[in-house]
Amino acid sequence: KEINKNRLDNIVILTGFKTEAISYINAMDIFVLLSEREGLPRVILEAMLMKKPVVAANIAGPTELVADGKTGYLIPLGKFEDAASAVAKLVISPALRKEMGMNGYHRVIKEFTIDNYIQGVEKIFKEIQGQQMKILIATPDFPLWDGGISTVSFEVAMGLHRIGHDISVLTP
């Protein structure tokens, strides 16, 4: 309604939820995610891998990924004028967009590797080793096989099982 009311229907497209956002991200010059709540938004990592500067809400999740002023901008929740200002800075400066995009790409390649993830999980395994625990792993619908479980969730479940924990996995 607001889009039509403000005559923005020729420039704003509401796509709805998309499981494959890569082609949309690739078509963008700037990636903006101003959610009020997030887990660890993988879509930000995807945007950074595609060398897009990111403007995101300064909340848990994005703050772990976006280096404010280096790979993009973190905006206080609800400060839409600040978000518009950050986007405007990027719009008027192709050099800044390119620099932040490259910084984001290098950050993901260096800091968010599968090896780093596995080392973090192994550290947790060592901390809980010797404690018998019942653990439920809820996994998103990124199947490893039909009716399956994500590769990462599978590795976590197997690692916990190997050290003596009772594991249940919940999939959609």
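Residues numbered from 1 in each chain as written. Predicted model: local features only at pLDDT ≥ 70, side-chain atom pairs only at ≥ 80, totals over all residues. Heavy atoms only, no water.

Q: I'd like to hear about the overall build of the protein, residue by residue, with values.
A: Looking only at helices and strands, the protein features eight helices and five strands. Of the regular secondary structure in the protein, the N- to C-terminal order runs α-α-β-α-β-α-β-α-α-α-β-α-β. Within the protein, the proportion of its 172 residues that are buried is 31%. A fraction of 49% describes how many contacts in the protein between residues 6 or more apart in sequence connect residues 24 or more apart. (Helix = DSSP H or I, 4+ residues; strand = E, 2+ residues; numbered from the N terminus. Buried < 20%, exposed > 50% of the residue type's maximum accessible area, 1.4 Å probe, protein only. Contact = heavy atoms within 4.5 Å.)

Q: Can you lay out the sheet that holds strand β2 (residues 54–57) for me, pointing to particular residues and giving the numbers?
A: Adjacent strands of a sheet pair through backbone hydrogen bonds, lying either parallel or antiparallel. Judged by pairing direction, the sheet is parallel, and its three strands sit side by side in the order β1-β2-β3 without closing on themselves. Each edge of the open sheet is held by one strand with a lone partner, namely β1 (31–33) and β3 (72–75). Direction aside, neighbouring strands of the sheet carry axes that sit 10° apart on average. As judged from the three bridges shared by β1 and β2, these two strands associate in the parallel manner. Residue pairing for β2: F31 is matched across the bridge by V54. Where helix α3 (residues 42–49) meets the sheet, its contacts fall on β1 and β2, and the angle it forms with β1 comes to roughly 165°. (Pairing = 2+ DSSP bridges. Axes fitted to C-alpha atoms, helices over the stretch in contact; angles between N-to-C directions.)

Q: Got a sec to walk through the pattern of salt bridges? Specific residues and values, please.
A: It is possible for side chains of opposite charge to pair when their charged atoms get near one another. Taken as a whole and judged by the stated rule, the model has three salt bridges. With a closest N to O distance of 3.4 Å, E46 and R42 form a salt bridge. Of the two residues, E46 and R42 both sit in helix α3, four residues apart, roughly one turn of that helix. We classify E46 as buried; its relative accessible area is 19%. A salt bridge links R107 to E111; its shortest N-O distance comes to 3.1 Å. With R107 and E111 both in helix α6 (residues 94–111) and four residues apart, this pair spans about one turn of that helix. A relative accessible area of 18% means that R107 is categorised as buried. You can call E111 partly exposed: its relative accessible area is 38%. (Salt bridge = Lys/Arg side-chain N within 4 Å of Asp/Glu carboxyl O.)

Q: Could you give an account of helix α5 (residues 80–92), naming the residues involved and the relevant values?
A: In this model α5 runs 18 Å from its N-terminal to its C-terminal C-alpha over 13 residues, within 8% of the 18 Å that 1.5 Å per residue would give. If you check which residues of α5 are buried, you get A83, A86 and L90. Seen along its axis, α5 keeps its buried residues to an arc of 65°; they face one direction. Seen from the buried face of α5, the exposed residues on the opposite side, beyond 90 degrees, are E81 and I92. Close packing links the buried residues of α5 with β2, β3 and α6. (Expected span 1.5 Å × (residues − 1). Arc of directions from axis to C-beta.)

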